[in-house]
Amino acid sequence: MAVPSPKSPEQSERSRKYDRQLRLWGDQGQQDLETAHVCLINATALGTEILKSLVLPGIGAFTIIDNEVITEEDIGSNFFLTADRIGEKRGSIASQLLCELNPDTRGHFIDECLLKLLDLNPGLFNTFNIVVTTSLHEKEIIDLSHKLWTYNIPLLVCQSYGFFGSMRLQLAEHTMIKTHPDNQNPDLRLDCPFQKLKAHFDTYDLEALDLTNHLHVPYLIILYKHLEKWRNDIGDVNVLPETYKQKQVIRENIKNSIRKHENGTLHHEENFEEAIRSVNFAYNRTSLSENIQLILKDEKLMNLTSNSQPFWIMARALKDFVDNEGCGRLPVRGTLPDMTADTFKYISLQQLYHEQAAKDAEAVYNRVQQLLQNVNLPDDTITEQDIKIFCKHASELCVIRGTRIADEYERKGNADNEISQSLEDPDSLIEHYIILRGIERFYSEYYTYPGEIDEQVEPDIPKLKLCISKLLSEWGCMSSTKEDYIHEYCRYGKSELHSVSSFIGGCVSHEIIKIITRQYKPVNNSFVFNAINCSTESFTL
Amino acid sequence: MCDNDHRRWNHLKKILERSSPFCHPDFEPGTGILEFLQNSCKLLVVGAGGLGCELLKDLAMMGFGDVHVIDMDTIDLSNLNRQFLFRRKDVNSSKAEVAAKFINERVPTCRVTPHHCKIQDKSEDFYRNFHFVVCGLDSVVARRWINGMLISLLSYDDNQQLDNSTVIPLIDGGTEGFKGNVRVIIPGITPCIDCTLDLFPPQVTYPLCTIASTPRLPEHCIEYVKLIQWPKENPFDSNIDTDDPVHISWIYEKSLERADEFGINGVNYRLVQGVIKNIIPAVASTNAVIAAACVTEAFKVATSCCPLLNNYAVFNNADGIYTYTYEAERKSDCITCSPRKAKYLDIDDTNMRLEKIIEILCEHQQYQMKNPALTIELDGKRKTLYMPNVPSIELKTRPNLKMTLEQLGIADGCKLLVADITNPRAFEIILKIKNNCVSME
Ligand SMILES: [Zn+2]
């Protein structure tokens, strides 16, 4: 009996260790993760919690930038610091203890002030795939935001404050191919069957089939036949059923074509029942979603150069395909949902979709080759495999263009619509984003946090309130924030609760994994967590 | 508390020693609360896996001093991508023991006591000991059992008033891939796990005829080898051991052969493992999020510093980050937490066989049992109808499965006593038989 050799990839220690996550982002995603280098600024509890959920799944490397020493308070909130190291460098100890989690990850530590690094060695930041920060002050956020925006390196600014936390993502441009949409309609092409599919449909004569075969016809064929019949009945060979009434007529027709026993009762034909259930989505017109239309109109793909990213070269080839051989449609996806059928009927149908997908992908590939030549890039810049994946996921492509965080800090007198509108909604968490901004402003003015010492809780309430109303008036907002919340934040006095940091840390880690693997859509672009009632909210600033 | 320890908890002390507009009405800020967390509050963590490791860390860091953890499992290599208290050298050791040792060394203010055993091995007296329980399990059955246990500890006075001192709150977390949920259960007061059984998604199963004669998917081929080919060929003279790579390899090869025969693509080793072991994808980040939400609620339960989650939250970060909280409702006829209400089962007629009754109990939305044992009271005498867990009695009672209710002497209104692994206590179900004329004659 043959036993697979222990060298087979499925058996390797690495794939066994990472098995549970490989089932989500696949080998390519894992490889992207293992070659990525993330930079953390400030090894607070939130900071180490973020790194923890990156080191465990096997990120290639991290660098901690931190010039603080460990205090007693740190020990009470940060799991990756210990009491016997109080007084030592925080980033160094955190890096050591985090590296223990996974021997595959390399950890580095830089003992330097952020502003000084930005001044003396800004090129350092261009070596990371992504930078994530915790507990930064206003000036640091602004300088870092400018620098990373010019380098086009993603930046995540995070905070954990009492029972609240926030995250703000800065991405100049982010392109994704595999976004893993939750409920995607299958790509069936009943409205426009390609030649071989049409020929295959035509080989069937449902009424002539014996009962066994009738019970095993894939619902797709039933739907096609009934589309033809319905079109015939109303005398229009191009129309598609769109209204409920039209679809109901077809459902009735399908039901009436179920075979009957001699005593007149219906046979149990699962495939016909599936056909009836599928009427609602299966006759959808094959077309480009608004999102894809926008991507195919993007100026990035109109003016390709040798600096263009592969995504935009492939997108241009896709556009040319759609405009020519695709007749306005994307390449065939090539996957078929499962349906009641016998093996032969199902597999032959599946094969047709698969072959057409390969044919379409090849057409796109030829166009990509031509485009690469035009801009003087080597042929192997984009592989055939890359194109296959791109075409298979063509309907779910996504491009995010973000905004610069520094603009939010430097904007004057220009009312921000999202903020004003959200403030009108009493349940919106945007209020907390504003209060957290107010606290940063408070620190810039007083070099302390509101309520940091017990005696200051009450006196700091009006001071914080003033900071916030100044901010709001700078933005041209008329609204104000609730007095109760301002009191609550002064109660916190910059306390960092471990379980709150752990929640936000987990959220932020996954956003980083999404950005590194370019799979799944990240938050665009801000996020607030309220641990008092376990709620979260995202908004675009 | 020494001075170091005092400053260590400065973060928590601001929350616990200052008042606020959002406090729970019972909250009285002061130094006593942290003392309580550190010295008196005793709680149980069920499960030391993906969620369990996170729960233990979070609880220790939130000031809890006396934590017990129970888990029967040992550490597997595939745990290391998220169960961060374990290292390569710990593979095959007890999860509960390694996790406890790690926390005790890292956070000296917390003492974790491990219990390397099944939850069913512990008595009521063990569970009665705790102020509350936090659950981080991947098994619905175990979750239901713990839920049933905590509800069975409730006591009511003569006026059917609940004795509040017997209430042990349960905080339950669950994850699957990028999804998760958290709920707070106050037994006897808020909805329990069995009140909301319909929230668990049904398991994917394939019809046997598809597997046997019309396979279309790689999964069909794998199920064929597992359900039909393995029992027939019995290649290693044993049942399938899902942890034995030789067994999995055999299934992989046979599935591949079958797939080739039918022209089906997509059988690979990872898929074979996934289908055979019913693997649920898991990542560190989701476990971190859900455990953190559980421990935040645990902290609220213990300190009253904030109102509790009321009572269910779902989380999903596959597309952006999404949470939704809502108030699940208690079921007035819940099989577990409404003890004073009689439970009924509607049966068509007495010609039904006993095995059908068992099938109904397993598929019934409200009961969802796994492997029930049935006893009945006839003429004041207990009679065992079927007992699956004791081999000798199973053999003796097996013929009953093929008998009809009528043959077994069961009529409308009979009380069926049902015991199942989903609940620590057996309970009575009254049979309501529509067509009872046969036995009336
Ligand atoms: Zn209940």
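Residues numbered from 1 in each chain as written. Chains lettered and ligands numbered in written order. Predicted model: local features only at pLDDT ≥ 70, side-chain atom pairs only at ≥ 80, totals over all residues. Heavy atoms only, no water.

**Q** Please explain the pattern of salt bridges as it appears in this structure.
**A** Oppositely charged side chains can form a pair if their charged atoms are brought close together. For the coordinates displayed, the defined rule picks out 62 salt bridges over all chains. Of the charged contacts in the structure, one is a salt bridge between Glu138(A) and Arg441(A), with a shortest N-O distance of 3.2 Å. Here Glu138(A), found in helix 7 (residues 138-151), pairs with Arg441(A), found in helix 20 (residues 430-446); they are 303 residues apart in sequence, far enough to count as distant. For the pair Glu138(A) and Arg441(A), one class covers both residues: buried. Two residues, Arg168(A) and Glu408(A), come together in a salt bridge whose shortest N-O distance is 2.6 Å. Pair noted here: Arg168(A) is in strand 6 (residues 164-170) and Glu408(A) is in helix 18 (residues 405-410), with a separation of 240 residues, a long-range link. It is possible to trace a salt-bridge network through shared partners that takes in Glu49(A), Lys52(A), Glu54(B), Lys57(B) and Asp58(B). (Salt bridge = Lys/Arg side-chain N within 4 Å of Asp/Glu carboxyl O. Helix = DSSP H or I, 4+ residues; strand = E, 2+ residues; numbered from the N terminus. Buried < 20%, exposed > 50% of the residue type's maximum accessible area, 1.4 Å probe, protein only.)

**Q** Can you help me understand the confidence of the model for chain A in this one?
**A** When pLDDT drops low, the exact placement of atoms in the prediction is not to be read closely. For chain A, mean pLDDT is 94; residues scoring 70 or higher make up 97% of the total. Confidence drops under a pLDDT of 50 for residues 1-9 of chain A, and excluding neighbours within four residues, the segment shows 10 contacts in the predicted structure. (pLDDT = per-residue confidence, 0-100. Contact = heavy atoms within 4.5 Å.)

**Q** What exactly am I supposed to notice about the coordination of the zinc ion here?
**A** Under ideal tetrahedral coordination, the four donors around a metal are separated by 109.5 degrees; under ideal octahedral coordination, the six donors are separated by 90 or 180 degrees. Residue and element names in this part refer to chain B. Of the protein atoms, only Cys192 (SG), Cys195 (SG), Cys334 (SG) and Cys337 (SG) coordinate the zinc ion, at distances of 2.2 to 2.3 Å. Around the zinc ion, the four donor atoms sit at angles spanning 96 to 120°, and that spread fits a shape best called tetrahedral. Sequence spacing among the residues donating to the zinc ion works out to C-x2-C-x138-C-x2-C. Each of the two residues, Cys334 as well as Cys337, counts as buried. (Donors = N, O, S within 2.8 Å, 3.2 Å for Na, K, Ca; no water. Tetrahedral: all angles 85-135°; square planar, octahedral: opposite > 155°, others 65-115°.)

**Q** I keep staring at the nonpolar core and nothing clicks. Help me out?
**A** A general feature of soluble globular proteins is that nonpolar side chains tend to end up buried together. Ranked by size, the top nonpolar core spans 176 residues in total, and within it Phe163(A), Phe64(B), Tyr127(B), Ile146(B) and Phe299(B) carry the most contacts. The biggest single contributor to this core is helix 12 (residues 284-303) of chain B, with 11 residues. Contacts of Tyr127(B), omitting those with residues within four sequence positions, involve Leu44(B), Ile70(B), Ile119(B), Lys122(B), Trp145(B), Ile146(B), Met149(B), Leu153(B) and Ile168(B). In terms of nonpolar packing, the next biggest core, distinct from the first, is built from 54 residues, Val217(A), Leu220(A), Tyr346(A) and Ala259(B) among them. (Core = buried A, V, L, I, M, F, W, Y, C linked by side-chain atoms within 4.5 Å.)

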